[in-house]
Amino acid sequence: MSGAVIWTLVALGLAVLVVRRRSLAVALVTAQALVLVGVALDEAESSGDVIAAGALAVRAIVLAGLFLLLVSRTRAVRPVRARVAPLARAGIAVAFALALTWLVPAIGLVSRDAERGVLALVAFGIATAALRRATLFQIIGIVLVENALALAALQLPGGASVAIELGVALDLMLVALVAVVFYERIFAEFGTADSATLRALRD
Amino acid sequence: MTSRELLALTVIALPALAAVLLLLAPTGLVTGLARFASVPVAALAFALTLLALRASGKPVIGDWLVIDVAGGLLVGVIGLVGLASVLVSPAYLDAGRDSLVSPERRQRMYFAALYLFWAILLAVPLVGNLGAAWLLVEATTAASALLVGFSGHARALEAGWKYLVLTSLGLGVALLGIVVLAAGIPTGGLDGLSWRALSTYSGGSETALIAYLLLLAGLAAKIGWAPVHNWLPDAHSEAPPPVSALLSAALLPTVLLIAWRSQHALAPVVGENTTQTVLIAFGLASLAVAVPFLWRSLPWKRLLAYSSLEHMGVIALGIGFGTSLALAGVAIHIVAHAVAKALGFYAATPLLSHEPRAGEHAVTGIGRTKHALGVSMGISLAALSGLPPSPLFVSEVLIVAGGFQAGHPWAASATALLLALGFLGLAHALIETTAGDSPPRERGPIAGLRGVTAVTCVSVVLLLGLTAAAVALPGSDLAAALVRGLS
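Note that this is a predicted model, so its numbers are computed, not measured. (Residues numbered from 1 in each chain as written. Chains lettered and ligands numbered in written order. Predicted model: local features only at pLDDT ≥ 70, side-chain atom pairs only at ≥ 80, totals over all residues. Heavy atoms only, no water.)

(A) Focus on the overall build of chain A. Summing up its helical and strand segments, chain A has 7 helices and 0 strands in all. The linear arrangement of helices and strands in chain A, starting from the amino end, is α-α-α-α-α-α-α. Taken over C-alpha atoms, the radius of gyration comes to 17 Å for chain A, in line with the 17 Å a tight globule of 203 residues would show. Counting across all 203 residues of chain A, residues that qualify as buried make up 53%. Carbon together with sulfur atoms contributes 66% to the accessible area of chain A, which is approximately 8,400 Å² in total. Here chain A carries 17 positive and 13 negative side-chain charges, and the mean point of each set is 18 Å from the other. (Helix = DSSP H or I, 4+ residues; strand = E, 2+ residues; numbered from the N terminus. Rg over C-alpha atoms; globule rule 2.2 N^0.38 Å. Buried < 20%, exposed > 50% of the residue type's maximum accessible area, 1.4 Å probe, protein only. Areas by Shrake-Rupley, 256 points an atom, 1.4 Å probe, with all protein chains shown as cover. Lys, Arg positive; Asp, Glu negative; His and termini not counted. Charge placed at Lys NZ, Arg CZ, Asp CG, Glu CD.)

(B) Just the packing of aromatic side chains, in detail. Residues and elements named next belong to chain B. Across all of its chains, the model carries 7 aromatic pairs over all chains by this definition. A ring pair is formed by Tyr163 and Trp231, whose centres lie 4.7 Å apart and whose planes are at 50 degrees; its orientation type is tilted. Here Tyr163, found in helix α6 (residues 154-183), pairs with Trp231, found in helix α8 (residues 231-238); they are 68 residues apart in sequence, far enough to count as distant. On the accessibility criterion, Tyr163 (0% relative accessible area) is buried. Using a relative accessible area of 0% as the deciding quantity, one classes Trp231 as buried. Seen in terms of ring centroids, Trp225 and Phe282 are 5.1 Å apart; in terms of plane orientation they differ by 20 degrees. Their pairing is stacked. You can see Trp225 sitting in the loop between α7 (205-223) and α8 and its partner Phe282 sitting in helix α10 (residues 272-294), a full 57 residues away along the chain. (Phe/Tyr/Trp six-rings, centres within 6.5 Å; stacked < 30°, edge-to-face > 60°.)

(C) Local environment of α8(B). All names here are of chain B. Most of α8 is tucked away, with 8 of its 8 residues classed as buried. Restricting attention to buried positions, one finds in α8 the residues Trp231, Leu232, Pro233, Asp234, Ala235, His236, Ser237 and Glu238. Next to the buried residues of α8 lie α5 (130-148), α6, α7, α9 (241-270), α11 (300-321) and α12 (324-346). (Contact = heavy atoms within 4.5 Å.)

(D) Here's a closer look at the layout of surface pockets. The calculated volume of the largest pocket comes to roughly 1,100 Å³. Taken together, 42 residues form the lining of the largest pocket, with Ala130(A), Leu166(B), Leu169(B), Val228(B) and Asn230(B) sitting closest to its centre. Where the lining of the largest pocket is concerned, the elements lending two or more residues are α4 (86-103) and α5 (112-131) of chain A together with α6, α7, α8 and α11 of chain B. Residue composition of the lining of the largest pocket, grouped by class: 29 nonpolar, 6 polar and 7 charged. Considering the residues around the second largest pocket, the lining is formed by 27 residues, among which Tyr92(B), Ser151(B), His153(B), Glu238(B) and Leu352(B) are closest to the centre. Sorting the residues of the lining of the second largest pocket by element identifies α3 (69-95), α8, α11 and α13 (348-354) of chain B as the ones contributing at least two each. Looking at side-chain class alone, the lining of the second largest pocket contains 12 nonpolar, 7 polar and 8 charged residues. (1 Å grid on protein atoms, 1.4 Å probe; cavity = no way out; pocket = protein on both sides within 12 Å on 5 of 7 lines; lining within 4 Å. Points joined across faces, edges and corners; volume = space filled by probe spheres on them. Nonpolar A, V, L, I, M, F, W, Y, C, P; charged D, E, K, R; others polar.)

(E) Representation of helix α6 (residues 135-154) of chain A within the structure. Helix length check: α6(A) (20 residues) gives 29 Å between terminal C-alpha atoms against 28 Å at 1.5 Å per residue, within 8%. A large share of α6(A) lies buried, amounting to 20 of its 20 residues. (Expected span 1.5 Å × (residues − 1).)

Structure (structure tokens):
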């Protein structure tokens, strides 16, 4: 995988953190997953690799469909304002990513660029979940982390186990499905998709 | 395939099959079918536990399946708590009508999700592979999050959402650790992640340490170790009581077993002392965070949730100390905690019927207004606090002694001090809850009390039996098998 592709994936991840509209964030994270599918197919050496790429594609399309359906069914009167401004979010996330790449030594992927890309995407995913108030962005943060792990699996020297890749895709779809159920009920109960309303449980 | 392997597969398959049947069965048969299926599932789980304990010197260790003493014990615990949770669930379902799904599908979805959760839980201790273990642990999140938010109330939705997001992110971090490990194991593929193959990691001890830290930090989010425990008190307090029991008594120690197996497998690469120190740090942090909450007046289920944080810390310390004494203490602690904690959560159903404010406020004087309920709650709290003759008293003594034996006098002393402080907090709660001043309450019959009384009788027998076993366990073949692990 070329460095340009890796940094495209990272740029898409950073864009998810910055954009305001939920539908645009869904499009970006789906584009990221589809780039990974393309890379997986390009580097496939066995039928198992093709199956794993297929699972990744199904996961990307199913999640995009679910999320876009959710966006259309939960139109808010006022968009949820993030608690941190876009540039500040980007700054915090980039600082987190740089700290991770500085702290974590070589982890054994085929290139150092790939390792940096994986760590940056994990950082962006966690930052998205932590810094965005709209609940859908918290699910998208999880998907970003999983995309980072898919990139890592593609960049393992001996390739990853197909069974594990299929299982991860299935698990993520299950979790996303449950999250969608919760999202709709939260929207119905609170009249907003703002995670700031979820603060009744404190000690 | 040996008889143990066949039995293990049946133990996993039967509740999964029951979950499917519950989805398809006519509505009128759902509760009966759920009750009926719970007995053979639990019986098979107990049979597997007995076989695993009897053959402690000859564990089954494969790439996909392992059956050893630690896993066998957990299967027994999950079987027991699952059985009791299914049997007391009708009282919970009868007491309320709200849920995430429509009223017609309420019982069906509840029992199907409960059985699915039970099946996945039973599979986790038996899985022979870190990658597959991760998949199963992540799958428990999907099944159990639905159950946490099952009532559909605002607070339950908040708890379920936090649980889903925080544990999924945590498990993402754990998966990164697994990927890093996979990169450095010569075998590659799924076989490379089997418990035995993990010790062949050749990517360098520094990278192995990073992978271990990522793995444990991620699993900690699911186990509820401090400082990544935020979802735990919310989910435990807002889930239906039978589900809270499964979460606390079965899910947390089951995921902890994966952390234990990982520590054991990676110790030759990372260093025994380093891997144990990480567990000791998580254990002490969890105890230190939990104890101040045990001193506060909290709603019943929230108090039990912070007690779970305390006990998961104690178990982490026992594994971290790693001596024969400490691990004997861990085995007893896991089983006794499960019995006492499950009883406490089951008591919440009649408690909420008797005192509706108990969901959001601390309650006092339950023993004065409803003796049987006060006895159940009192036995649960007394056992959890470590009041002799509770088996948790013996197990905590064993773990602290194991800490001194392992050459960690400061950690063992800090553990003893924090446990003493925790005991005082829970003892105060015990007195207030059972014998404190009580406001006027309705004294009529309350939902679910008969079932909880029956569970209390069984729990007392089990707890006393465990105390006797705790005295005999150190130095036994079982304790030696726990130290050997899967090596």
